[in-house]
Amino acid sequence: MAAEPKSLKACLFSVGNRKQEPLYGLFLATFSPTMAEIAGHSGYDFVVIDMLYGYGDIPNALPCLHALSATHTPSLIRLPESSAVWAKKALDIGPVGLIFPGVNSPNSARDAVSYCAYPPKGVRGAGHPAVRASSYGLDPNYLSKCEDDLLIICQIDSEDGLESVKDIAAVDGVDCVMLGPFGPGLSPDKLRMAEDAVLELKAERGPGKGPHLGGFPEEGGVELKKHGYHLVCGSMDITLFRDAALASVSSFKSSTARSH
């Protein structure tokens, strides 16, 4: 019998233990199952179904999860807001993790963690007997493993959050701190200090422990890789298609001009 593949969370911890390269993923903003399937076949380590800036919600996300599952590609969901209701609805359709936006204080990080656990540890609603995440109630081991396997990512996207980054990262249950995107005018020094704070805490806790460092590069992910990031969301389906379309049109127009 073939061994069960490592979960995305286990892969991230391997990155943190320097056993493998950083994980590299794509944002899916179009909510197109076809784009999701192409992304899965292209070799991304994960795909983020983006409800924050993307064009869909739960019913639109489900076909994308189906497409990614068919390509054995882990799917994350970035929520439109950090709330118990959105977390519950997203968790029930079965992603391997959630990105909570706007987590700029330790209290909001603790809230995010609580949204992902059933009582008494948290406040997640008990719809598990009839949801996709538990194979519609057919997975007898779901309750015993779901919280351990889930990847909880807190996105810091303000200067206040950067100043509190070490306290946010230290919250029990936070697996990864995602830095950005930030508006214009942010001091690069503040970002570097935040990166160092998360990496220092990771080093203090040692192998097999979080928090891990994630980020959104402005262009590509090589620079973040050099800075020691563990998880990089490097591209968006819309911008990839836009750039490819512009290049295609430009190539055709310039070749036509030369032919005359």
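Everything quoted here is computed from the prediction, not taken from an experiment.

**Student:** Before we go on, may I ask you to explain the overall build of the chain in this structure?
**Tutor:** Counting secondary structure elements, the chain contains 11 helices and 8 strands. Relative to a compact globule of 260 residues, whose C-alpha radius of gyration would be 18 Å, the chain shows 19 Å and is just as compact. Counting over 260 residues, the chain shows a buried share of 46%. For the chain, long-range pairs separated by at least 24 residues make up 62% of all intrachain contacts whose partners lie at least 6 apart in sequence. Here the chain has roughly 13200 Å² of accessible surface; of this, 55% comes from carbon and sulfur atoms. Taking the average place of the 23 positive charges on the side chains of the chain and the average place of its 30 negative ones, the gap between the two points comes to 4 Å.

**Student:** Would you mind showing me how to read the packing of aromatic side chains here?
**Tutor:** By convention here, two paired aromatic rings are described through the distance between centres and the angle between planes. Summed over the entire model, instances satisfying the criterion amount to 3 aromatic pairs. Pairing F100 with Y115 gives two aromatic rings, centres 6.3 Å apart and planes at 45°, and the pair type is tilted. A residue pair is termed long-range when its members are at least 10 positions apart, and F100 in strand β4 (residues 97-100) and Y115 in helix α5 (residues 106-115) qualify at 15 residues. A relative accessible area of 0% places F100 in the buried class.

**Student:** What's the story with the sheet that holds strand β2 (residues 46-50) in this structure? I'm lost.
**Tutor:** Within a sheet, each strand pairs with its neighbour through backbone hydrogen bonds, oriented either parallel or antiparallel. Read around the closed barrel, the 8 strands follow the order β1-β2-β3-β4-β5-β6-β7-β8; overall the barrel is parallel. Strand-to-strand twist across the sheet, computed as the mean angle between neighbouring axes with direction ignored, equals 25°. In terms of strand pairing, strand β7 (residues 212-215) meets strand β8 (residues 231-236) through 2 bridges, oriented parallel. When the sheet's bridge partners are listed, G214 is paired in β8 with L231.

**Student:** In this structure, what is going on with the nonpolar core? I would like to understand it.
**Tutor:** When a protein is soluble and globular, its nonpolar side chains tend to lie buried together. In this structure, I49, I77, L98, F100, V165, V177 and L179 are the most contacted members of the largest nonpolar core, which totals 51 residues. At 6 residues, helix α3 (residues 58-70) tops the list of elements feeding residues into this core. Ignoring anything within four residues of it in the chain, the contact list for F100 reads L79, S82, A87, A112, Y115, C116, I152, I153, C154 and Q155. Core analysis: the second largest hydrophobic core is formed by 17 residues, C11, F27, L76 and L231 among them.

**Student:** Whenever I open this one, unusual backbone geometry confuses me. Can you help?
**Tutor:** Leave glycine aside and you will find that most residues have negative phi; peptide bonds, for their part, are mostly trans. A cis amide bond, omega 10°, links P119 with the succeeding residue P120. Along the chain, the position of P120 falls in the loop between α5 and α6 (142-149). Here G210 and P211 are connected by a cis peptide whose omega angle stands at 0°. A positive phi is found at F31, a non-glycine position, where the angle reads about 60°. Counting through the fold element by element, F31 comes out in the loop between β1 (23-28) and α2 (33-42). Despite not being glycine, Y136 shows a phi value in the positive range, around 60°. Among the secondary structure elements, Y136 is positioned in the loop between α5 and α6.

**Student:** I tried to follow the pattern of salt bridges on my own but got confused; where do I start?
**Tutor:** Note on pairing: side chains with opposite charge can pair once their charged atoms come close. In the structure shown here, the tally under the stated rule is 12 salt bridges. Of the charged contacts, one joins E195 and R192 as a salt bridge, the two residues approaching to 2.7 Å between their closest N and O atoms. Of the two residues, E195 and R192 both sit in helix α9 (residues 188-205), 3 residues apart, roughly one turn of that helix. The exposure class of E195 is buried, given its relative accessible area of 2%. K226 is the salt-bridge partner of E223, the closest N and O atoms lying 3.5 Å from each other. With E223 and K226 both in helix α10 (residues 222-226) and 3 residues apart, the pair spans about one turn of that helix. Overall, the relative accessible area of 63% leaves K226 in the exposed class. Each of E159, E163 and K190 takes part in one network of salt bridges that share partners.

Calculation rules
- Residues numbered from 1 in each chain as written.
- Predicted model: local features only at pLDDT ≥ 70, side-chain atom pairs only at ≥ 80, totals over all residues.
- Heavy atoms only, no water.
- Helix = DSSP H or I, 4+ residues; strand = E, 2+ residues; numbered from the N terminus.
- Rg over C-alpha atoms; globule rule 2.2 N^0.38 Å.
- Buried < 20%, exposed > 50% of the residue type's maximum accessible area, 1.4 Å probe, protein only.
- Contact = heavy atoms within 4.5 Å.
- Areas by Shrake-Rupley, 256 points an atom, 1.4 Å probe, with all protein chains shown as cover.
- Lys, Arg positive; Asp, Glu negative; His and termini not counted.
- Charge placed at Lys NZ, Arg CZ, Asp CG, Glu CD.
- Phe/Tyr/Trp six-rings, centres within 6.5 Å; stacked < 30°, edge-to-face > 60°.
- Pairing = 2+ DSSP bridges.
- Axes fitted to C-alpha atoms, helices over the stretch in contact; angles between N-to-C directions.
- Core = buried A, V, L, I, M, F, W, Y, C linked by side-chain atoms within 4.5 Å.
- Salt bridge = Lys/Arg side-chain N within 4 Å of Asp/Glu carboxyl O.

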